[in-house]
Each structure stands twice: as structure tokens, then as C-alpha cells.
Amino acid sequence: MRKITLAANWKMYLDESNSISFIHKLNADKDLFSDKDIILFPSHACIRAVKDHLDISLKIGMQDCDMHTQGAYTGSTSINSIDIDSCIVGHSERRIVYKETNSIISDKLNTILSSNANPILCIGETLKEKNENLAISVLDKQLSILPQDLDGKQLTIAYEPVWAIGSGDVPSNEYINEMLSSIKNRLKSLYSDTDLHNIKLFYGGSVDASNIEELLSVKLIDGFLVGSASANFEKFKEIVRKIKL
Ligand code: PGA
């Protein structure tokens, strides 16, 4: 049976006190959340508090990191600054708002691959690119930064169409399947069966309790990267209930 992973990208929605109160609610609902394949991505400043308050074994990740691991980089955060399981890289908000290029994302990806954390590389086309039938070539370009081999590391590719993020506009299952198939084919051309075994495919973009069951019928999906619905405890709980992870 496939084991679905739920990655909760809290973005900058929750401050320290809201993060802690979310964790207290998780702890109070141990039977539902314990031992589920859930990764929480608090903002950097809240990771310590989340780890300290969490009573159940869930994974914790960073939403982004610096390409450097140490030194004179004011305001930035090293992947090695705290022990975490996973790190998101190349999220469209980083690509668009912070103008991160493929080259920057490649450096960050390599930094994460050399650390103890596993990367979640986000890729996805804008609405304009979709309308111009450029989606697959955009995905290919974003995947061109992948390393030659994974050396036993776990890698996740999160397909997140930019136009679906925060918009409530979720692509059809057929469309997601077409994009994930193209990603999978690209990965097959790059990697050995052993490496392929260590790669997961996620979908992200307006996932919530109202669409999760429908999305689960896309067989290529191994997990979900959820933004706003993951930062609201009741909505998050409803998603976890419906996935039965
Ligand atoms: P959303 O965000 O669920 O709020 O659309 C998803 C993401 O940006 O990872």
C-alpha cells in the first residue's frame, strides 16, 4: 500500500506563539497524528520551539536555506544551524519574490544534498507558460539542475503549478498526471533504479480537505505539499483524517 506523505508548509503564517499552540493541539490528538508521515515546515525562527513542544514523532523541515553553510551572510540561515529532516528548495515564492534563479537553486540543492536533510525541490509553470504550452519544457529546465546520482539520498520533487498556489484553482487529475508522468520519464532517463526508488513525487497548490480525496486517485502522487490549509489546525486535521496516511 502506498504511504502518502503530508508536508505542511507554514510559510510566514504562524508566529512563535501560534506555532506552539498548533503543536499543543497536535499533541492533544496523539492517536490521529502519531507516527504519520507528516513533515512540518515552521518558519526558521519557530523551529526550535516546535521541536521543544512536540510530543509525538513527526518530522521537521526548513522552508529554505542558504547555499552556504557558514560565514558572513547576514540574515541568512544555514542548513546546519539546527537538526532537521528535510528542506524545501526552489519554491515559486523564492523564485518569483526573491528572484532565485535556477543557478541559485542548484547551489542550494547541492548544499542540502551534502547535509543530513533531504531536499524537496519545487518546480512548476506559471499560467502564462501553461497557456503557451510551455509547461513541460519549463519543468525540464527546472529539473536540469538535478545531480548525476543521489548517493543514497532521498529526493522529493514537488510539482506545484504557480497558478494553483493560493488560488483555489486546482488542476484536473488528468493534467497533474500528464505533468507527473513527464517528470517521471525525465527522472527515469537520469537515474538508476536504486536512485529512482529514493525519489518521491508530490503535488502542491490549493490542496485542502475538499479536494484531497479526488487528488489521491492520481497514482503517481506520493505526497502533498500543503500551504495555507496546513497552517490552520482544524483544516489540517481534516486533511489528515481524509488521507488516512
Ligand atoms: P497553498 O500553497 O496550499 O496555500 O496553495 C502551497 C505551497 O505553496 O506549497
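Structure first, text after, so check above.
Since the structure is predicted, the reported quantities are computational estimates derived from the model, not experimental observations.

A. Structural view of the side chain of Ser115. In this fold, Ser115 is placed in the loop between helix H5 (102–113) and strand E5 (118–123). Ser115 sits in the buried class, given a relative accessible area of 10%. One polar contact links the side chain of Ser115 to the main-chain carbonyl oxygen of Ile112, over a distance of 2.7 Å.

B. The arrangement of the nonpolar core in detail. One finds Leu26, Leu40, Ile157, Ile183, Phe224 and Phe236 to be the most contacted residues of the largest nonpolar core, which totals 69 residues. Discounting chain neighbours no more than four positions away, the residues touching Ile183 are Ile123, Leu139, Leu143, Ile157, Tyr159 and Leu201. In this structure, Ile39, Phe41, Cys122 and Phe202 belong to the second largest nonpolar core, which totals 9 residues.

C. Main features of the site of the ligand. Around the ligand, the structure places 13 residues, and the nearest of them are Lys11, His91, Glu160, Gly166 and Ser206. Contact distances for the ligand include 2.9 Å between an oxygen atom and a backbone N or O atom of Ser228. Here the ligand loses 99% of its free accessible area of 280 Å² to cover by the protein chains. Across the shell around the ligand, the residue classes tally to 4 nonpolar, 7 polar and 2 charged.

D. Main features of the packing of aromatic side chains. Scanning all chains against the criterion turns up 7 aromatic pairs. Between Phe22 and Phe233, the ring centres sit 5.5 Å apart and the planes meet at 85°, which makes this aromatic pair edge-to-face. Of this pair, Phe22 sits in helix H1 (residues 16–28) while Phe233 sits in helix H11 (residues 233–243), and the two are 211 residues apart along the sequence. Connected via pairs of aromatic rings, a cluster forms that spans Trp10, Phe22, Phe33, Phe233 and Phe236. Directly above the ring of Trp163 sits Lys130, whose terminal nitrogen or CZ lies 4.9 Å from the centroid. Sitting over the ring of Tyr175, Lys130 keeps its end group 5.4 Å from the ring centre.

E. Broad picture of H1. With 13 residues, H1 should cover 18 Å at 1.5 Å per step; its first-to-last C-alpha distance of 18 Å lies within 8% of that length. If you check which residues of H1 are buried, you get Ser19, Ile20, Phe22, Ile23, Leu26 and Asn27. Along the long axis of H1, the arc covered by the buried residues comes to 155°, so they all point the same way. Among the exposed residues of H1, those oriented more than 90 degrees off its buried face are Ser17 and Ala28. Tucked inside the fold, the buried residues of H1 contact helix H2 (30–33), strand E2 (38–41), helix H3 (47–53) and H11.

Criteria and thresholds
Per chain, the residues get numbers from 1 upward, laid out in the order the sequence is written. Under the rules for a predicted model, residues below a pLDDT of 70 receive no local features and side-chain atom pairs below 80 are neither given nor counted, while totals for whole chains, interfaces and linings still include all residues. Working from all heavy atoms in the structure, the side-chain values ignore hydrogens and water. Numbering goes from the N terminus for both helices and strands, where a helix is a DSSP run of H or I of at least four residues and a strand is a run of E of at least two. The buried label goes to any residue with under 20% of its type's maximum accessible area, the exposed label to any with over 50%, and the partly exposed label to all in between, with areas taken from a 1.4 Å probe on protein chains only. As used in this structure description, the phrase polar contact means that two N or O atoms lie within 3.5 Å; if the pair is within protein, one of them must be able to donate a hydrogen and the other to accept it, and residues adjacent in sequence are counted only when both atoms belong to side chains. In this text, buried Ala, Val, Leu, Ile, Met, Phe, Trp, Tyr and Cys residues form a nonpolar core when linked through side-chain atoms within 4.5 Å. Contact between two residues is taken to exist if any of their heavy atoms lie within 4.5 Å; hydrogens are not considered. Whether a residue is near a molecule or strand depends on its heavy atoms: it is near if one of them lies within 4 Å of it. Residue-level accessible areas treat just the shown protein chains as cover; the underlying method is Shrake-Rupley with a 1.4 Å probe. Classification used: nonpolar for Ala, Val, Leu, Ile, Met, Phe, Trp, Tyr, Cys and Pro, charged for Asp, Glu, Lys and Arg, polar for all others including Gly. Whether two aromatic rings pair depends on their centres lying within 6.5 Å, for rings of Phe, Tyr and Trp, where Trp uses its six-membered ring; planes under 30 degrees apart make the pair stacked, over 60 edge-to-face, and the rest tilted. A ring is considered to have a charge above it if a Lys NZ or an Arg CZ atom is located within 6 Å of its centre and within 35 degrees of its normal. One less than the number of residues in a helix, times 1.5 Å, gives the span that helix is expected to have. In this description, one arc is meant: the one made by directions from the helix axis to the C-beta atoms.

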